[in-house]
Amino acid sequence: MTASPILVIGRTGQVAQAIASLGHPGLILAGRPDADLADAASLARTLERTSPALVINTGAFTSVDGAESEPAAAMTINADGPAALAGLCESARIPLIHLSTDCVFDGRKSSAYAPDDAAEPLGVYGATKLAGEHAVAAASRHLIIRVSWIFSQFGSNFVRTMLNAARSREEVTVVDDQYGCPTHAPALAAALLEIAQVACAPGFAGWGTYHLAGAGETDRAGMTRTIYAESARHGGPTARVRAVSTADYPTPAARPLNARLDMSRTSEVFGISLPDWRAGLAETVAILLKETGPK
């Protein structure tokens, strides 16, 4: 870690909680009301008070479907807030790591998306996150890290949702034509701190946009079956998985059918790659079942 603290914005989110769980000294986690992306003055006060060596912004309006009905709120948190934060960091010459999403892509590419591929979001969430990327990119020392399908024992996420569903249903319906790279939040958190260390080193010049997601890929139905296989190993809840196409399972927001991210640039510049998502999934299911009981 650096001598000066690293400030993490978005204290209650999955990634911030995962960063906190690593127990590294020199970390300051801040959230509302002290560091509110909807309140630029609060961000300024927190930066002045903490004098960080680097800022990691994990905060976001993360409800993909909710953004369709609350576009103004999504824009405030996902674009206006990061714009204000980037401006403050630029003025203070503080490097900024900003998390973004695979949802900036339309999913029509047949292979994994590279950082320089054209971003064409399908919905409000992706559009507001892309606007946030553009704002952050105006800062001279920025790293935009796009992540994908985050899961963990923290907060609300796909793994917890599927386990909860199996407690009350014998069958769950899940799409099988959306592909992505599930990402274990604790592994992501450790990688972000490694990236922060490199970015704070004298002479670092690799600013720009990167991708960081778990190794391996799957579809949503396949991930659900893996969740239930792990749950069964521990005597936990399971359900039949009925696979359907996205066209037969409408949601308020359209999602990219291909959310796979190419991590080559991240590996080349930082020497970092994340472990296979299945290892993190096994750990997560075991923890969640201990918290809630097997059934």
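This one's a predicted model, so the numbers in the text were calculated from it and none came from an experiment.

1. Some remarks on helix H2 (residues 40-50)
Helical geometry note: an α-helix holds 3.6 residues per turn, so side chains three or four residues apart project in the same direction.
Here comes step 1: Within the span of H2, buried status applies to Ser42, Leu43, Thr46, Leu47 and Thr50. Taken around the axis of H2, the buried residues stretch over an arc of 135 degrees, which confines them to a single face. Of the exposed residues in H2, those oriented more than 90 degrees away from the buried face are Arg45, Glu48 and Arg49.
Here comes step 2: On its buried face, H2 is in contact with strand E1 (6-9), strand E2 (27-30), strand E3 (54-57) and helix H4 (71-92).
Here comes step 3: Within two residues after H2, Ser51 carries a phi angle of roughly 45 degrees, on the positive side.

2. Describing the packing of aromatic side chains
Here comes step 1: All chains considered together, the criterion is met by 4 aromatic pairs.
Here comes step 2: Between Phe204 and Trp207, the ring centres sit 4.8 Å apart and the planes meet at 90 degrees, which makes this aromatic pair edge-to-face.
Here comes step 3: Taken together through their ring pairs, the aromatic side chains of Phe204, Trp207, Tyr210 and Phe270 make up a single cluster.

3. As for the environment of Ile56
Here comes step 1: Inspection of the secondary structure assignment puts Ile56 in strand E3.
Here comes step 2: For the pair Ile56 and Thr76, spaced 20 residues apart in the sequence, the C-alpha separation amounts to 18 Å.
Here comes step 3: Among all residues touching Ile56, those that are not within four sequence positions of it are Ile6, Leu7, Val8, Ile9, Ile97 and Leu193.

So, how was this worked out
Residues numbered from 1 in each chain as written. Predicted model: local features only at pLDDT ≥ 70, side-chain atom pairs only at ≥ 80, totals over all residues. Heavy atoms only, no water. Buried < 20%, exposed > 50% of the residue type's maximum accessible area, 1.4 Å probe, protein only. Helix = DSSP H or I, 4+ residues; strand = E, 2+ residues; numbered from the N terminus. Arc of directions from axis to C-beta. Contact = heavy atoms within 4.5 Å. Phe/Tyr/Trp six-rings, centres within 6.5 Å; stacked < 30°, edge-to-face > 60°.

In short, geometric facts, not functional conclusions.
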